[in-house]
Amino acid sequence: MRAAEIADQLTDVLVTEEEIQAKLEELARRVEADYEGKDLLLVGVLKGAVMVMADFARSLKRPIEMDWMAVSSYGAGTKSSGVVQIRKDLDTDISGKHVLIVEDIIDSGLTLSWLLENFASRGAASIEVLALLRKPEAAKVEIDCRYVGFDIPVEFVVGYGLDFAEKYRNLRDVAVLAPHVYA
Ligand code: PRP
């Protein structure tokens, strides 16, 4: 679905489907150049990264490997605890591999901070991050993200993989959810 079809549930459209696809093509050209002659493993972080992974991987004009991880925050009971639990681990042994983690969004940065440390301990040849969206003003830790799609303000955004109560992931655009939907 497009934002216009559920306009009553949204306030602003931050990034359109067309802008996302153009940006992913641009990032794909950069990644192709940066990894020329090297095998590349894309690791998607479920579930939010499903859309960006599907479109970005298909934008690449070369074969790549793909794997998935599912993680969730726990500990103090809030996402901001920074403690992460693996719900589904990689199927691949990443030692010696060039890994590109694919994320839909970097919010506080805590998930990626933990993942980067976890991956480093597995002996990857290199580890970089591609994130479609980033909220610079929400950062609790700085993430060295080589490929960023769009910096966005700290708003409740949904779409293109991002959910509210598991809904809106199938929105093609990225938009701000209207307060009456979640208040
Ligand atoms: C989202 C997103 C990132 C993480 C970013 O996942 O996909 O993995 O939050 O937030 P952070 O920078 O503050 O750590 P979420 O936990 O909502 O799960 P989901 O992908 O299954 O929706």
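Everything discussed here concerns the structure shown above.
Turning next to unusual backbone geometry. With the exception of glycine, most residues fall at negative phi, and the peptide bonds are largely trans. Following Leu46, the chain continues to Lys47 via a peptide bond in cis, the omega torsion being -5°. If you trace the backbone, Lys47 turns up in the loop between strand E2 (40-46) and helix H2 (50-59). Positioned with a positive phi, Ala165 is a non-glycine residue whose angle comes to about 50°. Turning to its location among the elements, Ala165 is positioned in the loop between strand E8 (157-158) and strand E9 (174-177). For Ala165, a relative accessible area of 59% corresponds to the exposed category. A positive phi angle, near 80°, is found at Tyr168, a position not held by glycine. By the secondary structure assignment, Tyr168 is in the loop between E8 and E9. For Tyr168, a relative accessible area of 8% corresponds to the buried category.

Rules of the game
Residues numbered from 1 in each chain as written. Predicted model: local features only at pLDDT ≥ 70, side-chain atom pairs only at ≥ 80, totals over all residues. Heavy atoms only, no water. Helix = DSSP H or I, 4+ residues; strand = E, 2+ residues; numbered from the N terminus. Buried < 20%, exposed > 50% of the residue type's maximum accessible area, 1.4 Å probe, protein only.

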